[in-house]
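# Reading the structure
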Amino acid sequence: MLAAIFQTSIDSGCTPSKWKHANVCGVHKNDPKSDPANYRPISLTCISSKVLEHIIHSHVMKHLEQHAMLTDVQHGFRARRSTVTQLIPAAIHDMAKAIQDNKSIHAAVLDFSKAFDKVPHKLLIIKLQYYGIHGSLLRCFESFITNRSQTVVCEGKHSHPTQITSGVPQGTVFGPLLFLLYVNDLPDNLKSQIRLFADDALLYGVMSNEENGDQLQEDLQQLEEWQNKWQMSFNPSKCKTICISTKKTPPQRVYSFCGVKLEQVESMSYLGVTFNDDLKWSNHVSTIPSKASRVLGMMKRNLWNCPKKVKEIAYTAIVRPKLEYACAAWDPYLQKDIASLERVQRKAARSSNPCEVKLAVMVTPKYLKLLALETYRLIDTDIDDILHNFLSLPIIIDRVLFKFSVSLFSFNQIANLSKSSLRFFSRSLTSEA
């Protein structure tokens, strides 16, 4: 039955009206919860519609990837790409290389204003045609984004249905794909480097002379023209600039964007990672233990009477990701930073132990068969190099054992490794056999 409905929908280029209605739930982002503008609208749509969206999405993405139509600087909503693959080329390679060469970098973090909600439908259809989407498939996309309605749901209450006149619905499968295609030409005609992750943009350039600053300002002007042409808008009040340098007197410049002089800061946040103007990570690392400790406190309050195994699973699922997010970009080298992160895991180890409180101080992560966080970071940051050099599994184990004096890799320990490492171990075991 579903297959017949799907085929009819594709052939006719028509999306059933029931599939175009969404219940919208607001997910809080930041700032005061009393302001509705601080919530991200997530559309809860028909499951049958999402199944068809997945089928079409896989074929469209295959077409785009095969013909290299998507810009390479976009890492959002794409397979085998993540915030880490976005951060490392910018933070580790480009910026670190500039500092190593005794140069400076001027960077601007740019913020769209309600990006997903402001995409004009008519202009989006034009771009879909440009990327080779025609016929019934184009009509299917047009039917999907037009004449939509939504109802806001909050604590069991429903609002009256409202018609949607612009934007791509967040929470759908098509939404991210359509947005990627709409902003795909944003990097065109820019001379400075730009990195995109969905609607988050980082524009930067190496400052060798004054002309480089003029070039960055011209690129900001190009982005203004792009937003006016395609009816999108940046939020200049949330856009910041930073001068990354280790010089005593780095080159300074005030940049203007959308008629506003951009504020220059000493540290900025991009994709959840804090960049300092000297490209050191102590400032970022110092914020991680407090965030992880708050989540750990919530876990302890709610799971105090649960078995140790449940607490260990909860720690691995909701606490450790706070300690390891994007660690390949900011892996600390100062002992005080390393110790501050390990301290959180020791707290989790003590809370997971069923023994009395007076004995809990003796419990360590090693007692619970947990590796040090530094070991996990080593595996995450080295795995690509290991795969590239085709090292065999025994050499990998010897290397890790030597560096961190781990006496034995048990199957429980291997299960706690990152997913990428686990996949590599399984492939290595197969090849050895």
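None of these values were measured; they are calculated from a predicted model.

### Description of the pairing of strand β7 (residues 193–197)
Of all five residues in β7, four are buried, a share of seventy percent or more. Of the pairings in the sheet, the one linking β7 to strand β8 (residues 200–207) comprises five bridges and is antiparallel in character. Pairing of L196 across the sheet is with A201, part of β8. Connecting β7 to the next strand, β8, in antiparallel fashion are two residues, including A198 with a positive phi near 60°.

### Considering the nonpolar core
Counting 52 residues, the largest nonpolar core has L110, L128 and F141 as its most contacted members. Contributions of two or more residues to this core are made by α2 (47–66), β3 (104–111), α4 (121–130), α5 (135–145), α6 (174–182), β7, β8 and α7 (210–229). The leading source of residues in this core is α6, at six residues. Contact partners of F141, with chain neighbours within four places excluded, come to I56, V60, L128, I133, F174, L177 and L178. Residues F197, F275, A292 and A326 belong to the second largest nonpolar core, which totals 41 residues.

### Overview of the sheet that holds β7
Read from one edge to the other, the open sheet built from five strands follows the order β7-β8-β3-β9-β12, with strand pairing classed as mixed. One side of each edge strand has no neighbouring strand; the edge strands of this open sheet are β7 and β12 (263–264). Packing against the sheet, α7 makes contact with β3 and β8, and its axis sits at approximately 160° to β8.

### Points about a positive patch on the surface
The grouping of K29, R40, K114, K118 and K238 at the surface amounts to a positive patch. Structurally, the position occupied by R40 is in strand β2 (residues 39–44).

### Comments concerning unusual backbone geometry
The backbone phi angle of N147 is positive, close to 55°, even though this residue is not glycine. Note that N147 resides in the loop between α5 and β4 (148–154). At C258, a residue that is not glycine, the phi angle is positive and equals roughly 55°. On the secondary structure map, C258 appears in the loop between β10 (256–257) and β11 (260–261).

### Focus on the packing of helix α1 (residues 2–12) against α2
In the contact formed by α1 and α2, the axes pass within 11 Å of each other and the chain directions differ by 60°. As the angle between them shows, α1 and α2 are arranged oblique. Relative to α2, α1 is oriented so that their crossing is right-handed. Of the residues in α2, those in contact with L2, F6, S9 and I10 of α1 are S48, V51, L52, I55 and I56. Here the residues of the contact of α1 with α2 sort into seven nonpolar, two polar and no charged.

### Describing the pattern of salt bridges
On inspection of all chains with the given rule, the structure shows nine salt bridges. Residue R253 pairs with D214 through a salt bridge whose shortest N-O separation is 2.6 Å. Note that R253 is positioned in the loop between β9 (240–244) and β10 and D214 in helix α7, a separation of 39 residues in sequence. Looking at R253, the relative accessible area reads 26%, which means it is partly exposed.

What counts, and at which threshold
Residues numbered from 1 in each chain as written. Predicted model: local features only at pLDDT ≥ 70, side-chain atom pairs only at ≥ 80, totals over all residues. Heavy atoms only, no water. Buried < 20%, exposed > 50% of the residue type's maximum accessible area, 1.4 Å probe, protein only. Helix = DSSP H or I, 4+ residues; strand = E, 2+ residues; numbered from the N terminus. Pairing = 2+ DSSP bridges. Core = buried A, V, L, I, M, F, W, Y, C linked by side-chain atoms within 4.5 Å. Contact = heavy atoms within 4.5 Å. Axes fitted to C-alpha atoms, helices over the stretch in contact; angles between N-to-C directions. Patch = residues over 30% accessible without salt bridge, like charges linked within 9 Å, V, L, I, M, F, W, Y side chains within 5 Å. Areas by Shrake-Rupley, 256 points an atom, 1.4 Å probe, with all protein chains shown as cover. Salt bridge = Lys/Arg side-chain N within 4 Å of Asp/Glu carboxyl O. Lys, Arg positive; Asp, Glu negative; His and termini not counted. Charge placed at Lys NZ, Arg CZ, Asp CG, Glu CD. Parallel < 35°, antiparallel > 145°, perpendicular 65-115°, else oblique. Left-handed = near helix turned anticlockwise from the far one by under 90°. Nonpolar A, V, L, I, M, F, W, Y, C, P; charged D, E, K, R; others polar.

Note that every value here comes from positions in space, so none of it alone points to a role or purpose.
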